Amino acid sequence: MTLLVFGGAGQLGRALARAGGDAVRGCGRAEADITRPAEVVAAFDRHRPTLVVNAAAHTAVDQAESEPERAFAINADGPAVLAEACRVHGLPLIHLSTDYVFDGSARRPYREDDPTAPLGVYGRSKLAGERAVRAGLDAHLILRTAWVVSPGGRNFVLTMLRLARERAEIGVVTDQRGSPTSAAALAEAILRLAARLEAGAGGFGTFHFTGGGATTWHDLAAHIFRRAAERGLTVPVLKPLSSAQFPTPARRPAWSVLDCSRIRAVHGIEQTPWPVLVDACLEQIWSA
Ligand SMILES: NC(=O)c1ccc[n+]([C@@H]2O[C@H](COP(=O)([O-])OP(=O)(O)OC[C@H]3O[C@@H](n4cnc5c(N)ncnc54)[C@H](OP(=O)(O)O)[C@@H]3O)[C@@H](O)[C@H]2O)c1
């Protein structure tokens, strides 16, 4: 099995390289821009993959509001390019998507076939990417995830640890609920999916996968600061805020909990409770 991972320098791309060893070929933007078909095909020729993973994306949710063309080019046109190249080469594609395709008005975990209604440019562009992959390639697996944390890159855990060093007080929103997911757990799930697809076990289509359970950004921050305090680090006072008190360019879903029972039923992939994943991420950060 040889997995070619586009977006190889991102959070998930790096976690896949760590978890997959020689089976994973990471391909960063400098080597192949997914919006450029010739670069994608050259990467196929160089690495000769047996399966392709698209971990490349425009993930700056607020920035996307002011640059929709760029967000759509990367999140919708790029996946279309990859789907077409995979079709021509007879390769399956695992494509990553997001809880932000939903509007957050549900009060039970979202299932794969629930109606989508993204609130912002990022979610709309990712939804367009899903549609392009479904339309362009039968052998696709779309994996929606949420609230990804890892020891590197841009994520909530690292932001909270940085703010803890800089500020005496931090306000975090209490009215957005979701499921923190580590890039490491996501990488393990993708490697397992890849092995099953390659073994001919079937199970293409759309799936949800996150850490188990759910929390708010505020309570996730409280968890991080509790662990930091246990290590003797100085932690700030944590204040509850509403989304109205913390306006951002992009609106975010108030409820983005994903129902992950389908991936368990079809592929036997179990969720790990989010605090276990966040603690493992913190350990990795503090042991580096
Ligand atoms: N992070 C989350 O909380 C979250 C939540 C739900 C779903 N997801 C999805 O999970 C997947 C992985 O996310 P992540 O957290 O690993 O994202 P990330 O850390 O932002 O990594 C994305 C990578 O894609 C690269 N990239 C951007 N445009 C590209 C292009 N045109 N061609 C090739 N590479 C390009 C970026 O390179 P540059 O740094 O050079 O731009 C970056 O290395 C994405 O599909 C994302 O939408 C993420």
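The rules we used
- Residues numbered from 1 in each chain as written.
- Predicted model: local features only at pLDDT ≥ 70, side-chain atom pairs only at ≥ 80, totals over all residues.
- Heavy atoms only, no water.
- UniProt positions renumbered as here; feature names shortened; annotations may be inferred.
- Helix = DSSP H or I, 4+ residues; strand = E, 2+ residues; numbered from the N terminus.
- Axes fitted to C-alpha atoms, helices over the stretch in contact; angles between N-to-C directions.
- Parallel < 35°, antiparallel > 145°, perpendicular 65-115°, else oblique.
- Left-handed = near helix turned anticlockwise from the far one by under 90°.
- Contact = heavy atoms within 4.5 Å.
- Nonpolar A, V, L, I, M, F, W, Y, C, P; charged D, E, K, R; others polar.
- Phe/Tyr/Trp six-rings, centres within 6.5 Å; stacked < 30°, edge-to-face > 60°.
- Buried < 20%, exposed > 50% of the residue type's maximum accessible area, 1.4 Å probe, protein only.
- Salt bridge = Lys/Arg side-chain N within 4 Å of Asp/Glu carboxyl O.
- Pairing = 2+ DSSP bridges.
- Right-handed = clockwise from strand over helix to strand, strands pointing away.
- Near = heavy atom within 4 Å.
- Polar contact = N/O pair within 3.5 Å; in protein donor to acceptor, adjacent residues only side chain to side chain.
- Areas by Shrake-Rupley, 256 points an atom, 1.4 Å probe, with all protein chains shown as cover.

> Would you mind going over the UniProt feature "domain: RmlD-like substrate binding" (unreviewed entry) in the chain with me for this structure?
Here, UniProt's "domain: RmlD-like substrate binding" (unreviewed entry) annotation points to residues 1-284. Here residues 1-284 is 44% helix and 16% strand, with 28 Å between the C-alpha atoms at its ends.

> I'm lost on the packing of helix α1 (residues 11-20) against helix α7 (residues 183-198) in this one. Help?
Two packed helices can be described by the angle between their axes and the distance between those axes. Contact geometry of α1 with α7 gives a least axis separation of 8 Å together with a crossing angle of 60°. Comparing their axes, α7 and α1 come out oblique. Judged by the twist between their axes, the crossing of α1 over α7 is right-handed. Along the contact surface, α1 presents Gln-11, Leu-12, Ala-15, Leu-16, Ala-19 and Gly-20, while α7 presents Ala-183, Ala-184, Leu-186, Ala-187, Glu-188, Ile-190 and Leu-191. Grouping the constituent residues of the contact of α1 with α7 by class yields ten nonpolar, two polar and one charged.

> In this structure, what is going on with the packing of aromatic side chains? I would like to understand it.
Geometry of an aromatic ring pair is reported as the spacing of the ring centres plus the angle between the planes. Applying the stated criterion across every chain yields a total of five aromatic pairs. Look at Phe-6 and Phe-44: their rings are 6.2 Å apart centre to centre, the planes differ by 50°, and that puts the pair in the tilted class. With Phe-6 in strand β1 (residues 3-6) and Phe-44 in helix α2 (residues 37-47), this pair connects stretches of sequence that are 38 residues apart. Here Phe-6 falls in the buried class, since its relative accessible area comes to 0%. The interplanar angle of 5° and the centroid separation of 4.1 Å between the aromatic rings of Phe-102 and Tyr-110 together place this pair among those described as stacked. For Tyr-110, a relative accessible area of 4% translates into the label buried.

> Sorry, what's going on with the packing of α2 against helix α4 (residues 68-89) here?
It is the contact of α2 with α4, at a shortest axis distance of 10 Å, that shows an interaxial angle of 45°. One finds that α2 runs oblique with respect to α4. The chirality of how α2 crosses α4 is right-handed. Between α2 and α4, the contacting residues are Pro-37, Val-40, Val-41, Phe-44 and Asp-45 on the first element and Val-81, Leu-82, Ala-85, Cys-86 and His-89 on the second. Grouping the amino acids of the contact of α2 with α4 by side-chain chemistry returns eight nonpolar, one polar and one charged.

> Before we go on, may I ask you to explain the pattern of salt bridges in this structure?
Two side chains carrying opposite charge are able to pair once their charged atoms lie near each other. All told, the structure shown has eleven salt bridges when counted by the stated rule. One salt bridge connects Asp-62 with Arg-252, and the closest N-O pair in it is separated by 3.0 Å. Linking Asp-62 in helix α3 (residues 61-66) with Arg-252 in the loop between β12 (237-241) and α9 (261-267), this pair joins segments that are 190 residues apart in sequence. Asp-62 gets classed as partly exposed once you look at its relative accessible area, which sits at 25%. The shortest N-O distance in the salt bridge between Arg-87 and Glu-84 comes to 2.9 Å. Here Glu-84 and Arg-87 lie together in helix α4, a separation of three residues that amounts to about one turn. Overall, Arg-87 belongs to the partly exposed group, its relative accessible area being 48%.

> Is there a simple way to think about the pairing of strand β4 (residues 93-98) in this case?
Consecutive side chains of a regular strand alternate in pointing toward one face of the sheet and then the other. The element β4 is extensively covered by neighbouring structure, given that six of its six residues are classed as buried. In β4, alternate side chains face the same way, and those of Leu-93, His-95 and Ser-97 on one face and Ile-94, Leu-96 and Thr-98 on the other are all buried. Here three bridges tie strand β3 (residues 51-54) to β4, and the two strands are oriented parallel to one another. In the strand pairing of β4, Val-52 is matched with Leu-93. As defined by bridge partners, β4 adjoins strand β5 (residues 140-145) across six bridges and the pair is classed as parallel. When the sheet's bridge partners are listed, Leu-93 is paired in β5 with His-140. Where the polypeptide runs from β4 across helix α5 (residues 121-136) and back to β5, its parallel neighbour, the crossover connection is right-handed.

> What should I look at first to understand the site of the ligand in this one?
In the vicinity of the ligand, 23 residues are found, and the nearest of them are Leu-12, Arg-29, Thr-59, Tyr-122 and Lys-126. Measuring from an oxygen atom of the ligand, one finds a side-chain N or O atom of Arg-29 at 2.6 Å. Within the backbone of Leu-96, an N or O atom sits 3.4 Å from an oxygen atom of the ligand. In the complex, the protein chains occlude 82% of the 910 Å² of accessible area that the ligand would expose alone. Mapped by element, the contributors of at least two residues to the shell around the ligand are α1, β4 and α5. Considering every element that reaches the shell around the ligand, the biggest residue donor is β4, with three residues. In terms of residue class, the shell around the ligand is made up of 13 nonpolar, seven polar and three charged.

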